[in-house]
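Summary of structural features
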Amino acid sequence: ALLSRPAGGLRARRGLAAGPEMHFGFQTVTEEERREKIYQVFESVAKKYDLMNDSMTLGIHRVWKDILMHKMNPSPGTLLLDVAGGTGDIAFRFINYVRSVRECQLQRKLKHHQNLSWQEIFESYQKDKSNSLGDSQVVVCDINREMLKVGKQKAQHLGYSEGLSWVLGNAEELPFDNDKFDVYTIAFGIRNVTRIDLALQEAYRVLKPGGRFLCLEFSHVSNRLLSRLYDLYSFQVIPVLGEVIAGDWKSYQYLVESIRRFPPQEELKAMIEDVGFFKVDYENLNFGIVAIHSGFKL
Amino acid sequence: VRCQQYPPLRALQASAALRRASDEHKKEPLTSSSQQHFDSPPAGHQPEQEPQGPRPSYTGHGGQESEDYESEEQLQHRILTAALEFVPEHGWTAEAIAEGAKTLGLSVAAAGMFHSDGSELILHFVSECNARLSELLEKEQKLVQLGEAEKKPIDEFLRHAVEARLRMLIPYIEKWPQALSVLLLPRNIPSSLNLLTSMIDDIWHYAGDQSTDFNWYTRRAVLTGIYNTTELVMMQDSSPDFEDTWRFLENRVADAMAMSNTASQVQSTGEAVVQGLMGAAVTVSN
């Protein structure tokens, strides 16, 4: 049953803990309870997370993540922090992207090296061969041990080892120094953060000057017809899929409700600007079902 | 006056802190740079409309505002200027912009502020070249006014101006064809056309063209044609110091001068014809 929004809902909606009341989907809970409940949600769905993503979004989530990577357009040598990156989707895409860019770079360099001696060519070839990622690195940070476990297993299974590290951490209090990373991404994770403003502040802190903040998240559909179809699909189909595939109705009910509770595009943009990011903008995908927000630390 | 998109004009803190750290580093090479980074308070002028967010406020450093205030546009200009150095190696691409950002101490991700096909970099370069051309022509005009140099005849002036402007392409000549193709993308045509026409207008202005009749359009079109064709010839020219290109330019300008004589003849003939027709019309109506 859908509860009516509680009175404290407006402040809670912005992720600011004005009081001990917060939202968990459409329920009202305290901050601590919310963190715990969300931890339990992801603990229970971790193993079936990827499968559920595919069935809920009919595989379109892969396209969304690809678009995010293209928007980022990372060059070799980029240091990426993927927060709430659990099962590693963004991290693996990053590694693939950077690897192919690096290959193009090396090919171009080879064309320029037409008049080097054999010895010089051999030496540069060795150096470049061992550096297939061009010093790029990605750190996957997640608050949930189960999700990280699934991610590490996937990495092993798919053969990703170089340039990848896994860190247990809370988006509201990252275990990293200031001014470290070139890009900070949070894909489908910021919705589950209890204090969004703190997460945004931490993002600002750990980014280098000139660094980029990218957030991929479910957002609000403005088209009314589409919005109704989307609601129908969300509330009638998704929890059922959750029960059938993952054996967990409640977690997917939470998922759908949390999407409705999340601030819309303009509000999130304002929150990002408040923290100090510049050139903040968003791009709607699929009419606003998903949005990519981007900001720079200048 | 350009209107900013976001009403509160906030100073860029991170890049400003970087610049101040590097400026102070230049003044006092003995002190360690990391110490300076912490000592120098980040410059920032927070207008009163800023919401009382969790961010610490930097009000109180009022005296330093004017020196360190830099808008996003200015920072973007600095990045693009720094990126030009890397164009011969990387082409007009996001990679060149990323390298440029690195030299300013910014993250390579700052290149994400610009389009990935390098449009802004090319447009920036073109507008910088046009500005340099204007300065050059302005200086020469002053010399003529002061009587220290002779006023050039028009064909020589045009040749000189076009050659000076095209010579600015020489360091980037290998990658210029790529730039031209990007400038022709539908998205960029308004801006590139704008830059081209204002440059041509500038040259005619300094050439002493004050006319406001229909001749203005033809002269603009003629010079644009000369400039574009010469540019294309330059792309394929392998002669020493592009002498083939300058000879081509000389011939085209000579053609244009000859054509303008023909044009004025045609014009007077045309006027005569029109007068004849008007007379006939009046006769018929009466």
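Residues numbered from 1 in each chain as written. Chains lettered and ligands numbered in written order. Predicted model: local features only at pLDDT ≥ 70, side-chain atom pairs only at ≥ 80, totals over all residues. Heavy atoms only, no water.

As annotated in an unreviewed UniProt entry, chain B carries the name Ubiquinone biosynthesis protein and is attributed to Rhipidura dahli. Recorded in UniProt for chain B, the comment headed Subcellular location (unreviewed entry) runs: "Mitochondrion". Quoted verbatim from the Pathway (unreviewed entry) heading of the UniProt record, the comment on chain B is "Cofactor biosynthesis; ubiquinone biosynthesis." (UniProt positions renumbered as here; feature names shortened; annotations may be inferred.)

Per an unreviewed UniProt entry, the recorded name for chain A is COQ5 protein, and the organism is Rhipidura dahli. Reading the Subunit (unreviewed entry) entry of the UniProt record for chain A gives the comment "Component of a multi-subunit COQ enzyme complex, composed of at least COQ3, COQ4, COQ5, COQ6, COQ7 and COQ9. Interacts with PYURF; the interaction is direct, stabilizes COQ5 protein and associates PYURF with COQ enzyme complex." You can read under Function (unreviewed entry) in the UniProt record for chain A the words "Methyltransferase required for the conversion of 2-decaprenyl-6-methoxy-1,4-benzoquinol (DDMQH2) to 2-decaprenyl-3-methyl-6-methoxy-1,4-benzoquinol (DMQH2)."

Further remarks concern unusual backbone geometry. Its identity as a non-glycine residue notwithstanding, Phe-287 of chain A has a phi of 60 degrees, on the positive side. Its place among the elements puts Phe-287 of chain A in the loop between strand 8 (278-285) and strand 9 (290-296). Here Phe-242 of chain B, not a glycine, exhibits a phi torsion of approximately 55 degrees, which is positive. Along the polypeptide, Phe-242 of chain B turns up in the loop between helix 11 (215-235) and helix 12 (243-285). Among the residues examined, Phe-242 of chain B registers a relative accessible area of 12% and is labelled buried. (Helix = DSSP H or I, 4+ residues; strand = E, 2+ residues; numbered from the N terminus. Buried < 20%, exposed > 50% of the residue type's maximum accessible area, 1.4 Å probe, protein only.)

With that out of the way, let us pick up the interface of chain A and chain B. At the interface, 27 residues of chain A touch 27 residues of chain B. Contact between chain A and chain B buries roughly 2200 Å² in total, counting both sides, with carbon and sulfur atoms accounting for 56%. Together, Phe-278, Lys-279 and Leu-298 of chain A form the three largest contributors to the area buried by chain A at its contact with chain B, with a combined 30%. Linking chain A to chain B there are one salt bridge. Inspection of the region where chain A meets chain B yields four residue pairs in polar contact (both at pLDDT 80 or more). Among the secondary structure elements, those contributing two or more residues to the side of chain A that touches chain B are helix 5 (89-112), strand 6 (181-187), helix 8 (196-206), strand 7 (207-218), helix 11 (265-275) and strand 8 of chain A. The element that contributes the greatest number of residues to the side of chain A that touches chain B is strand 7 of chain A, accounting for five residues. Looking at the side of chain A that touches chain B residue by residue, the class counts come to ten nonpolar, eight polar and nine charged. (Contact = heavy atoms within 4.5 Å. Buried area = accessible area lost by both parts, 1.4 Å probe. Salt bridge = Lys/Arg side-chain N within 4 Å of Asp/Glu carboxyl O. Polar contact = N/O pair within 3.5 Å; in protein donor to acceptor, adjacent residues only side chain to side chain. Nonpolar A, V, L, I, M, F, W, Y, C, P; charged D, E, K, R; others polar.)

Further remarks concern the domain arrangement of chain B. Residue and element names in this part refer to chain B. Structurally, chain B comprises domain 1 (72-116) and domain 2 (119-263). Here the C-alpha centroids of domain 1 and domain 2 sit 27 Å apart. Between domain 1 and domain 2, the residue contacts involve 15 residues of the former and twelve residues of the latter. Summed over both sides, the interface between domain 1 and domain 2 buries roughly 1300 Å², with carbon and sulfur atoms accounting for 68% of that surface. Ranking the residues of domain 1 by area buried against domain 2 places Leu-84, Trp-92 and His-115 at the top, with a combined share of 54%. At the boundary of domain 1 with domain 2, the tally comes to zero salt bridges. The tally of links from domain 1 across to domain 2 stands at five residue pairs in polar contact (both at pLDDT 80 or more). Of all the secondary structure elements, the ones that give two or more residues to the side of domain 1 that touches domain 2 are helix 4 (72-84), helix 5 (87-90) and helix 6 (94-103). The greatest single-element share of the side of domain 1 that touches domain 2, amounting to five residues, is contributed by helix 4. Its residues assigned to classes, the side of domain 1 that touches domain 2 comprises nine nonpolar, five polar and one charged. (Domains from an automatic or database assignment.)

Now for the pairing of strand 8 of chain A. All names here are of chain A. Where strand 8 and strand 9 come together, six bridges link them in antiparallel fashion. By the bridge assignment, Asp-281 is partnered in strand 9 with Ser-294. Hairpin connection between strand 8 and strand 9: a loop of four residues separates the two successive antiparallel strands, and Asn-286 in this loop has a positive phi of roughly 55 degrees. (Pairing = 2+ DSSP bridges.)

Let's shift gears to the packing of aromatic side chains. Using the criterion set out here, one finds 16 aromatic pairs over all chains in the structure. With a centroid separation of 4.8 Å and 40 degrees between ring planes, the pair formed by Phe-188 of chain A and Phe-218 of chain A is classed as tilted. Of this pair, Phe-188 of chain A sits in the loop between strand 6 and helix 8 while Phe-218 of chain A sits in strand 7, and the two are 30 residues apart along the sequence. Measuring from ring centre to ring centre gives 5.7 Å for Trp-92 of chain B and Trp-176 of chain B, while their planes differ by 70 degrees; the resulting arrangement is edge-to-face. With Trp-92 of chain B in the loop between helix 5 and helix 6 and Trp-176 of chain B in helix 9 (residues 176-183), this residue pair connects regions lying 84 residues apart in the sequence. Neither residue differs from the other here; Trp-92 of chain B and Trp-176 of chain B are each classed as buried. One aromatic cluster in this structure is built from Tyr-184, Tyr-204, Phe-213 and Phe-277 of chain A. (Phe/Tyr/Trp six-rings, centres within 6.5 Å; stacked < 30°, edge-to-face > 60°.)

Most often, soluble globular proteins have nonpolar side chains that are buried together. In this structure, Ile-79, Trp-92, Leu-121, Trp-176 and Ile-203 of chain B are the most contacted members of the largest nonpolar core, which totals 63 residues. Those elements that place two or more of their residues in this core are helix 4, helix 6, helix 7 (119-145), helix 8 (154-167), helix 9, helix 10 (189-207), helix 11 and helix 12 of chain B. Two domains each put at least three residues into this core: domain 1 (72-116) and domain 2 (119-263) of chain B. Discounting residues that sit within four places of it in the chain, Trp-92 of chain B has contacts with Leu-84, Val-87, Asp-117, Gly-118, Leu-121, Ile-122, Phe-125, Tyr-172, Lys-175, Trp-176, Gln-178 and Ala-179 of chain B. Listed in part, the 35 residues of the second largest apolar core include Trp-64, Ile-95, Tyr-97 and Tyr-160 of chain A. (Core = buried A, V, L, I, M, F, W, Y, C linked by side-chain atoms within 4.5 Å.)

A word on the pattern of salt bridges. In total, this model carries 26 salt bridges over all chains according to the counting rule given. Measuring nitrogen to oxygen at the nearest pair gives 3.1 Å for the salt bridge that ties Asp-197 of chain A to Arg-195 of chain A. Judged on exposure class, the residue Asp-197 of chain A and its partner Arg-195 of chain A are both buried. Where Arg-167 of chain B meets Asp-241 of chain B, a salt bridge forms, and the shortest distance between an N and an O atom there is 3.0 Å. A residue pair is termed long-range when its members are at least 10 positions apart, and Arg-167 of chain B in helix 8 and Asp-241 of chain B in the loop between helix 11 and helix 12 qualify at 74 residues. Given a relative accessible area of 29%, Arg-167 of chain B falls into the partly exposed group. Note on Asp-241 of chain B: relative accessible area 48%, which makes it partly exposed.

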